[in-house]
Amino acid sequence: MRETILGGVWLGVLFLSTSGVLTAQYLTLDQDFEEEILDTDIWPGDLDHFIIHEMEDGNRLLRLNNEETSGGSGFHSQINTPSTVVYGEWEFSIEVPHTTTQNYVYIYLISDLNQSYTGDTVPEGEISGYAVYTGNKKFELRRIDNGSGVSLTSVPSEIVVGQLYHVSVTRSEDNEWQLQVRSAGDEQGAEMSDPVYDDTYTFSEYFGIYVQYTSGYSQTFYFDNFLIQATITDFYLEQVEVVSPTELDLYFSNVIDQQSITPAGFHLDGGAGVPLSARPVNQKQVRLAFAEPFSGGSYTLSINEIKDQFEQLLDPDTKAEFTVVNPFRALSAELITGRILAIEFTESPDVATWSTEAIKIINHNGSLAEVPDFEIIRPEEWPALDIYPESKEEHL
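First, a word on scope: everything that follows refers to the structure included in this document. Fair warning: this is a prediction, and the values are worked out from it, not measured in the lab. (Residues numbered from 1 in each chain as written. Predicted model: local features only at pLDDT ≥ 70, side-chain atom pairs only at ≥ 80, totals over all residues. Heavy atoms only, no water.)

Further remarks concern the overall build of the protein. Each helix and strand in the protein was counted, giving zero helices and 28 strands. Considering only contacts within the protein whose residues lie at least 6 apart along the sequence, 63% involve residues at least 24 apart. Surface summary for the protein: the accessible area is close to 20,500 Å², and the carbon and sulfur share equals 47%. (Helix = DSSP H or I, 4+ residues; strand = E, 2+ residues; numbered from the N terminus. Contact = heavy atoms within 4.5 Å. Areas by Shrake-Rupley, 256 points an atom, 1.4 Å probe, with all protein chains shown as cover.)

The structure is reproduced here in structure tokens:
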């Protein structure tokens, strides 16, 4: 339990135990492109730049097919699909005709935007996340920071153009990444990258393909067998935070099923009851708004019927205890003149609540002094008053 007073905001923070974590695998994407046309419900983007291509052996693959190029370079095409997976395994097959800074692919594993353009080509598409990159002659895992790629690890061998590869990327719950690459059909010859630790991004909105190419390679990039398996853990409440006199923020371990978030799923003791509203702030965060401000003291929040994206139900006995600390208090009092007493507070007071009964002045001998009638004067009004400072000691 941690109690904090910060900047005049009611604040109580509770961090909950994360022990007893259970991991499992959950398949979220399985796309082998064996249908005759690209499924537009799954893959929005530059759909007119891709086709389903049937090979001589009857196998179908996704192929870049931009017919609107005629000489030159700097062409780019992208498609993506919603994905919130940030831990687990990503697999795909890929064949590239070239591996240069003008002809390359980014396979975005984790992306915070739905257009997979890199920042150096389309400024408004400066995404962040992780991707597999082919433009440096090897398969390379990169972290993308606002569109700028940072190499994390790569496999030793160079890419053979025209060769179909199977690529696998894993990320553990401890944020250890590893890249594995093998030629299609070669089950024994997989190459592994050195493992690397990176925990920069733990949110995702999309998985996507971005291809940049010259006109001569506008129909020679191939993709197949996209598979995403999420590693999921137990679903639990991680933290409760008081963010205003009437609002709580709740942080959960997994992405929340937003359809399961309703005010009826929450109850606060101490007379607060069910919140007026419950709304998602992001994938793992919910904000509750209550009708009345919290008074100082301890509270218990009960939570029911909340699910994560994998249909895991939060433990129905989930309760969180937290303490609210009232930060509104007087910091100092100083006699400015014989008639002006300056009182500093942590936040602006409600003038309507002031009265002679609200202030007590204690003499040096411990007795209460009579408080005369007064009016509230804001500091910005002091210079306009025709009052000259007198010795403070005469009036203490």
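This paragraph deals with unusual backbone geometry. Phi is positive for N175, which is not a glycine, with a value near 65 degrees. Looking at the element boundaries, N175 is found in the loop between β12 (165-171) and β13 (176-183). A positive phi is found at N225, a non-glycine position, where the angle reads about 50 degrees. Note on placement: N225 falls in strand β17 (residues 222-232).

Another point: the sheet that holds strand β23 (residues 297-303). Across the sheet, three strands lie side by side as β20-β23-β24; this open sheet has antiparallel pairing. In the strand order of this sheet, the two ends are held by β20 (266-268) and β24 (319-324), each with one partner. Averaged over all adjacent pairs, the angle separating strand axes in this sheet is 25 degrees, with direction ignored. With six bridges joining them, β23 and β24 adopt antiparallel strand pairing. Note on β24: the bridge partner recorded for S298 is T323. (Pairing = 2+ DSSP bridges. Axes fitted to C-alpha atoms, helices over the stretch in contact; angles between N-to-C directions.)

Residues I107, F139, F223 and F226 are the most contacted members of the largest nonpolar core, which totals 45 residues. Top element by residues in this core is β17. It accounts for five residues. One finds L268, V286, L301 and L314 within the second-largest nonpolar core, a separate group that totals 24 residues. (Core = buried A, V, L, I, M, F, W, Y, C linked by side-chain atoms within 4.5 Å. Buried < 20%, exposed > 50% of the residue type's maximum accessible area, 1.4 Å probe, protein only.)

The next subject is the layout of surface pockets. Reported here for the second largest pocket is a volume of approximately 250 Å³. Lining the second largest pocket are 18 residues; nearest its centre among them are Y87, T231, S253, N254 and K284. In terms of residue count, the dominant contributor to the lining of the second largest pocket is β17 (three residues). Split into classes, the residues belonging to the lining of the second largest pocket amount to nine nonpolar, six polar and three charged. (1 Å grid on protein atoms, 1.4 Å probe; cavity = no way out; pocket = protein on both sides within 12 Å on 5 of 7 lines; lining within 4 Å. Points joined across faces, edges and corners; volume = space filled by probe spheres on them. Nonpolar A, V, L, I, M, F, W, Y, C, P; charged D, E, K, R; others polar.)

Taken as a whole and judged by the stated rule, the model has six salt bridges. Note that R60 is salt-bridged to E54, the shortest N-O span being 3.6 Å. (Salt bridge = Lys/Arg side-chain N within 4 Å of Asp/Glu carboxyl O.)

In this section: the pairing of β23. Across the seven residues that make up β23, a large majority, five, are buried. Across three bridges, the pairing between β20 and β23 is antiparallel. Paired with H267 across the strands is S302, a residue of β23.

What follows covers the sheet that holds strand β9 (residues 129-133). Strand order in the open sheet made by the six strands is β6-β16-β8-β9-β10-β11, with antiparallel pairing throughout. Of all strands in the sheet, those with a lone pairing partner are β6 (75-82) and β11 (148-154), marking the two edges. With strand direction ignored, the average angle separating the axes of adjacent strands in the sheet is 25 degrees. As judged from the eight bridges shared by β6 and strand β16 (residues 206-213), these two strands associate in the antiparallel manner. When the bridges of β16 are listed, P82 appears paired with Y206.

Now for the environment of L331. Within the element layout of this structure, L331 appears in strand β25 (residues 330-335). For the pair L331 and I343, spaced 12 residues apart in sequence, the C-alpha to C-alpha distance is 7.5 Å.

This part covers the packing of aromatic side chains. Within the structure shown, the criterion is met by 21 aromatic pairs. Taking the centre distance of 5.9 Å and the plane angle of 15 degrees together, the rings of W90 and W177 count as stacked. Of this pair, W90 sits in strand β7 (residues 88-95) while W177 sits in strand β13, and the two are 87 residues apart along the sequence. By relative accessible area, which is 0% here, W90 ends up buried. Residue class for W177 comes out buried when judged on its relative accessible area of 0%. With a centroid separation of 5.8 Å and 70 degrees between ring planes, the pair formed by Y130 and Y201 is classed as edge-to-face. Of the two residues, Y130 sits in strand β9 while Y201 sits in the loop between β15 (196-197) and β16, which places them 71 residues apart along the sequence. An aromatic cluster is defined as three or more aromatic residues linked by ring pairs; in this entry it consists of F33, W43, F92, F207 and F226. Here the basic side chain of R142 rests over the ring of Y133, its NZ or CZ set 3.8 Å away from the ring centre. (Phe/Tyr/Trp six-rings, centres within 6.5 Å; stacked < 30°, edge-to-face > 60°. Lys NZ or Arg CZ within 6 Å of the ring centre and 35° of its normal.)

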